[in-house]
Amino acid sequence: MSLDNKKSTKTDLYEYHDYYNIDELLNEDHLLARDAVREWVKQEVSPIIEDYANRAACPVHLFKGLAEVGAFGPSLPVEYGGGGMDEIAYGIIMQELERGDSGIRSMASVQGSLVMYPIYKYGNEEQRRKYLPKLGSGEFIGCFGLTEPDYGSNPSGMITNIKNDGDSYILNGAKMWITNSPVADIAVVWAKDEEGIIRGLIVEKGMKGFSAPEIHGKWSLRASVTGELVFEDVRIPKANILPNVSGIKGPLGCLSKARYGIAWGSVGAALDCYDSALRYSKEREQFGKKLGEFQLTQKKLAEMITEITKAQLLCWRLGTLANLGKATPAQISMAKRNNVDMALKIAREARQIHGGMGITGEYPMMRHMMNLESVITYEGTHDIHLLITGMDVTGFNAFG
Ligand code: TGC
Ligand code: FAD
């Protein structure tokens, strides 16, 4: 029996925590967007997510709802399927989604920042009109193919390639670890041309020689579908090449957009874990006292809200810089690295506060913790972002 769309009766008790009154720095649009997405997550994600994660199934039916709450390309222009909002609104939406589940935020990150953004930024008008409204409305699902089996942290080494053949290119190669690939209608793929220059192209489902097998056996992001992209002499019309970018800075520019969203999103996962631990500490008694009355529990909770508050401020400042077009890739790396690491540590501490109950699906920490093991790896690993900061402050390149 399929459990698709079947909701549990579990109530989502989540309450937001804003220790430094950061809400006062937000405008009405931000708050409206946030409240709408928060409510949507409570109604549509929380009741089903444990079940989907348990079954390692992707709730693809949520794509339409994600589109309706404006989660796809919130800061892209409305006429191209986006939300026409600013970068802070984009960040807040990602935070609310990841409060529900990192996999749901992943669906939105990939669609908006890794598929719609490159088509908008690097595509021509015909490509924009053809794909963006359908992606923005959730009619099309997209994926982003950069990583290869032998080129993860070093995508510049990629071997996937295109060869000129009249009015087409012939694409060969393989991509690995691609979010949404098995369910995607289109893939934005990065490949080297005959001069070794990286180009972006749009590959459509059904093209001969193109397949997208699912990767099974993940213990992380179980409600997100991940797969490969395999290209065997796939004929790509020249009209599908993104004309306005070449070189690795093309995909890296998309990653900056998505990493920015993860910096905000991971705070959502941390908030959910903290919120659950705080509530549990006020309910559960041992030795005749509430857990929250013990100093050791207070230390855990006090440190959690301190780290969350620092991360919230980092996001707000980064968002302000992004709105001015001044957020540098290295600043984004610092926020992505810090906030994901913070969220992972908080998930572990919050799990401890719940004792044995913390390992069950009754509470969200284990799911967030396992998800965050992917989040700390994808979009640049924890150490790669450290090296980006190191290079920025010293001027010395420690890669390679
Ligand atoms: P490098 O020589 O440093 O730079 C080449 C050119 O690119 C520019 N650039 C950037 N531009 C925009 N945003 C960024 N983040 C940029 N980083 C670099 C740079 O200024 C330069 O421009 P120009 O004009 O001088 O040509 O390039 P490199 O090949 O040495 O690479 C550096 C390194 C290692 C930092 C980079 O390769 C890297 O970030 N590696 C990590 C790989 C990664 O993050 N992969 C992510 C795959 S996608 C994914 O994980 C999606 S998960 C989605 C989900 O489910 O949410
Ligand atoms: P490697 O690059 O092999 O790294 C292994 C280890 O070596 C890491 O700890 C790394 O930090 C370390 N290391 C590497 N180089 C150095 C160095 N110079 N100095 C010090 N340490 C180093 N990719 C996409 O293109 N599209 C997607 O949609 C996508 N979705 C993903 C979804 C999931 C669930 C996962 C797990 C990954 C996804 N990825 C995607 C791929 C992801 O971006 C890569 O896994 C990531 O960039 C790391 O590459 P790798 O796994 O090959 O690890």
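Now for a description of the structure that goes with this document. (Residues numbered from 1 in each chain as written. Chains lettered and ligands numbered in written order. Predicted model: local features only at pLDDT ≥ 70, side-chain atom pairs only at ≥ 80, totals over all residues. Heavy atoms only, no water.)

## Thoughts on a nonpolar patch on the surface
Put simply, the rule is: Patch definition: residues with relative accessible area over 30% and no salt bridge; like charges joined within 9 Å; nonpolar side chains (Val, Leu, Ile, Met, Phe, Trp, Tyr) joined within 5 Å. Computed with a 1.4 Å probe, the accessible areas rest on the Shrake-Rupley method; for each residue, only the protein chains presented here act as cover. Any Lys or Arg side-chain nitrogen found within 4 Å of a carboxyl oxygen on Asp or Glu counts as a salt bridge. The way it works is that DSSP assigns letters per residue, a run of H or I at least four long becomes a helix, a run of E at least two long becomes a strand, and they are numbered from the N terminus. Partly exposed describes any residue whose relative accessible area lies between the buried limit of under 20% and the exposed limit of over 50%, with all areas from a 1.4 Å probe on protein chains only and scaled to the type maximum.
Together, Tyr19, Tyr20 and Leu313 make up a nonpolar patch on the protein surface, roughly 360 Å² of accessible area in all. Here leucine 313 shows up in helix H7 (residues 295-323). Take leucine 313: its relative accessible area is 31%, and that puts it in the partly exposed class.

## A short note on unusual backbone geometry
Trans is the common state for peptide bonds, and a negative phi is the common state for residues other than glycine. The backbone of alanine 56 shows a phi angle near 55°, a positive value even though the residue is not glycine. Here alanine 56 lies in the loop between helix H1 (28-55) and helix H2 (62-68). Within the chain, aspartate 233 stands out as a residue other than glycine whose phi angle is a positive 55°. With respect to the helices, strands and loops of the structure, aspartate 233 is situated in strand S7 (residues 226-237). For aspartate 233, a relative accessible area of 55% gives the class exposed.

## Quick word on the site of ligand 2
How we decide: Distances are taken per atom, and a residue is near a molecule or strand as soon as one of its heavy atoms is within 4 Å of it. We call two N or O atoms a polar contact when they sit within 3.5 Å, provided that within protein one can donate a hydrogen and the other can accept it, with sequence-adjacent residues counted only if both atoms are side-chain atoms. Ten residue types, Ala, Val, Leu, Ile, Met, Phe, Trp, Tyr, Cys and Pro, are classed as nonpolar, four, Asp, Glu, Lys and Arg, as charged, and the remainder, Gly among them, as polar.
The environment of ligand 2 is formed by 17 residues, the closest being Thr147, Ser153, Trp177, Thr179 and Thr381. Within the contact set of ligand 2, an oxygen atom lies 2.6 Å away from a side-chain nitrogen or oxygen of serine 153. Between tryptophan 177 and ligand 2, the recorded distance is 2.7 Å, taken from a backbone N or O atom to a nitrogen atom. Compared with its free state, where it exposes 980 Å², ligand 2 has 67% of that area covered by protein. Taken together, the elements giving at least two residues each to the shell around ligand 2 come down to strand S3 (168-179) and helix H10 (382-394). Class assignment for the residues of the shell around ligand 2 results in eight nonpolar, seven polar and two charged.

## Some points on the nonpolar core
For clarity, the cut-off: What we call a nonpolar core is a set of buried Ala, Val, Leu, Ile, Met, Phe, Trp, Tyr and Cys residues that are connected through their side-chain atoms within 4.5 Å.
Leu97, Ile119, Trp190 and Val203 are the most contacted members of the largest nonpolar core, which has 108 residues in total. Per element, the largest residue contribution to this core is 15 residues, and it comes from helix H6 (residues 249-283).

## Brief notes about the pattern of salt bridges
Side chains that differ in sign of charge can pair as their charged atoms come close. The full count for this structure, using the stated rule, is 22 salt bridges. The shortest N-O distance in the salt bridge between glutamate 285 and lysine 290 comes to 3.1 Å. For lysine 299, the salt bridge is made with glutamate 303, and the minimal N-O distance between the two is 3.1 Å. With lysine 299 and glutamate 303 both in helix H7 and four residues apart, this pair spans about one turn of that helix.

## Describing the pairing of strand S5 (residues 198-204)
Regular strands place their side chains on alternate faces of the sheet. This is how it is decided: Being paired, for any two strands, means DSSP has found at least two bridges between them.
Counted residue by residue, S5 has six buried out of seven residues, so it is predominantly covered. Pairing of strand S4 (residues 186-192) with S5 involves seven bridges; the strand directions are antiparallel. Residue tryptophan 190 lies in a different strand from S5, and its bridge partner there is glycine 200. The loop that links S4 with its antiparallel partner S5 comprises five residues; one of these, glycine 196, has a positive phi angle of about 80°.

## Here we look at the site of ligand 1
Ser106, Ser156, Ser256, Arg259 and Gly380 are the nearest of the 26 residues found near ligand 1. Within the contact set of ligand 1, a nitrogen atom lies 3.1 Å away from a backbone nitrogen or oxygen of leucine 252. Here a nitrogen atom of ligand 1 and a side-chain polar atom of serine 256 are 2.8 Å apart. Taken by itself ligand 1 offers 1,100 Å² of open surface, and the protein chains cover 71% of this.

Shape descriptors only; they carry no functional weight alone.
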